[in-house]
Amino acid sequence: MKIIPATIADAQKLAAIISRSNRDVAQQFGLTNENAAKHPSFCTAGWIRSDFQNGQVYFSAMADGAAAGCVAFQQPDTHTAYLNRLSVLPEFRRRGIGTALVHHIMAYAKEKNLSRISIGIIAENTRLKKWYTRLGFKDFENLKFDHLPFDVLIMDYQI
């Protein structure tokens, strides 16, 4: 498995990985384009191009000669990184790819002398919460948004 930088030219491929990787979550929580249009399961190449234009950096995980997953890094201020759009295709799960992508973002943020990494997840997704907790993330804040049918749990990792 190898992690490589992605470019805006990869927007279609990244969107396909993100969308397909998050479909099971959308099904599990009853998310649709009508009730959660910004959920990653509905990701488009336009979203990815916009992310790049807004300064996000993407990385792809390559396994068995194919793109197996991806993650995005965003730096909203001089202390914080956002870990965004972590996605691993179903056929590549349980092989450590997601963990490697998170560790890559941790190292990348450390190189930039940032002090924390933040991520937002569906608060009711207890399996994902446990996974991030094992990686060292801690609960930070639970948020409600009128436009979402679920609460968002913000988790932080202190570098």
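This text goes with the structure placed above it.
Rules used throughout
- Residues numbered from 1 in each chain as written.
- Predicted model: local features only at pLDDT ≥ 70, side-chain atom pairs only at ≥ 80, totals over all residues.
- Heavy atoms only, no water.
- Helix = DSSP H or I, 4+ residues; strand = E, 2+ residues; numbered from the N terminus.
- Rg over C-alpha atoms; globule rule 2.2 N^0.38 Å.
- 1 Å grid on protein atoms, 1.4 Å probe; cavity = no way out; pocket = protein on both sides within 12 Å on 5 of 7 lines; lining within 4 Å.
- Points joined across faces, edges and corners; volume = space filled by probe spheres on them.
- Nonpolar A, V, L, I, M, F, W, Y, C, P; charged D, E, K, R; others polar.
- Buried < 20%, exposed > 50% of the residue type's maximum accessible area, 1.4 Å probe, protein only.
- Contact = heavy atoms within 4.5 Å.
- Core = buried A, V, L, I, M, F, W, Y, C linked by side-chain atoms within 4.5 Å.
- Polar contact = N/O pair within 3.5 Å; in protein donor to acceptor, adjacent residues only side chain to side chain.
- Patch = residues over 30% accessible without salt bridge, like charges linked within 9 Å, V, L, I, M, F, W, Y side chains within 5 Å.
- Areas by Shrake-Rupley, 256 points an atom, 1.4 Å probe, with all protein chains shown as cover.
- Salt bridge = Lys/Arg side-chain N within 4 Å of Asp/Glu carboxyl O.
- Lys, Arg positive; Asp, Glu negative; His and termini not counted.
- Charge placed at Lys NZ, Arg CZ, Asp CG, Glu CD.
- Disulfide = S-S within 2.5 Å.

Novice: I'd like to hear about the overall build of the protein, residue by residue, with values.
Specialist: For the protein, the helix and strand inventory stands at four helices and seven strands. Tracing the protein from N to C terminus, the helices and strands come up as β-α-α-β-β-β-α-β-α-β-β. At 15 Å, the protein has a C-alpha radius of gyration in line with the 15 Å of a compact globule built from 159 residues. The principal-axis extent of the C-alpha atoms belonging to the protein is close to 35 × 30 × 30 Å.

Novice: Break down the layout of surface pockets for me, citing the residues and quoting the values.
Specialist: There is about 1600 Å³ of room inside the largest pocket. Breaking the lining of the largest pocket down by element, the ones donating at least two residues are helix H1 (11–28), strand S4 (80–88), helix H3 (97–111), strand S5 (116–122), helix H4 (126–134), strand S6 (138–143) and strand S7 (152–158). Of all the elements, S4 adds the most residues to the lining of the largest pocket, at seven residues. The class makeup of the residues in the lining of the largest pocket is 22 nonpolar, 14 polar and 11 charged.

Novice: With reference to specific residues and values, describe the environment of Gln-56.
Specialist: With respect to the helices and strands, the residue Gln-56 is situated in the loop between helix H2 (45–53) and strand S2 (57–63). A residue is classified by how much of its surface remains accessible, and Gln-56, at 9% relative accessible area, is buried. Residues Gln-56 and His-104, 48 residues apart in the sequence, show an inter-C-alpha distance of 15 Å. Contacts of Gln-56, omitting those with residues within four sequence positions, involve Asp-51, Ala-72, Phe-73, Gln-74 and Asn-84.

Novice: Outline the nonpolar core, supporting the account with residue identities and numerical values.
Specialist: One finds Ile-48, Leu-83, Tyr-132 and Phe-137 to be the most contacted residues of the largest nonpolar core, which totals 44 residues. Taken together, the elements giving at least two residues each to this core come down to H1, H2, S2, strand S3 (66–74), S4, H3, S5 and S7. Looking at this core element by element, the count peaks at seven residues for H3. In this structure, Ile-48 is in contact with Ala-11, Leu-14, Ala-15, Ile-18, Cys-43, Tyr-58 and Arg-85, ignoring residues within four places of it in sequence. The next biggest cluster of nonpolar side chains, apart from the first, holds nine residues, and it includes Val-25, Ala-36, Ile-122 and Ile-154.

Novice: An account of the environment of Asp-51 is needed here, citing residue identities and associated values.
Specialist: Position of Asp-51 among the secondary structure elements: in helix H2. Each C-alpha atom of the pair Asp-51 and Gly-120 lies 16 Å from the other, and the pair is 69 residues apart in sequence. Once residues lying within four places of it in the same chain are set aside, the contact partners of Asp-51 are Gln-56, Tyr-58 and Arg-85. Side chain to side chain, Asp-51 and Arg-85 meet in a polar contact 2.8 Å long.

Novice: Report on a positive patch on the surface, specifying residues and quantitative values.
Specialist: On the surface, Arg-94, Arg-127, Lys-130 and Arg-134 cluster together into a positively charged patch. Looking at where Lys-130 falls in the secondary structure, it is placed in helix H4. In this structure Lys-130 comes out as exposed when scored by relative accessible area, which is 55%.

Novice: Which residues make up the side chain of Ser-19, and what values do they have?
Specialist: When you line up the elements, Ser-19 lands in helix H1. Excluding residues that lie within four positions of it along the chain, Ser-19 makes contacts with Pro-40, Ser-41 and Cys-43.

Novice: Please provide a residue-by-residue account of the state of the cysteines, values included.
Specialist: Scanning the model with the defined rule gives zero disulfides in all. Here Cys-43 stays unpaired: no disulfide links it, and the sulfur of Cys-70, its closest cysteine neighbor, is 7.9 Å away. Residue Cys-43 is classed as buried on the basis of its relative accessible area of 8%.

Geometric descriptors of this kind do not, in isolation, establish any biological role.
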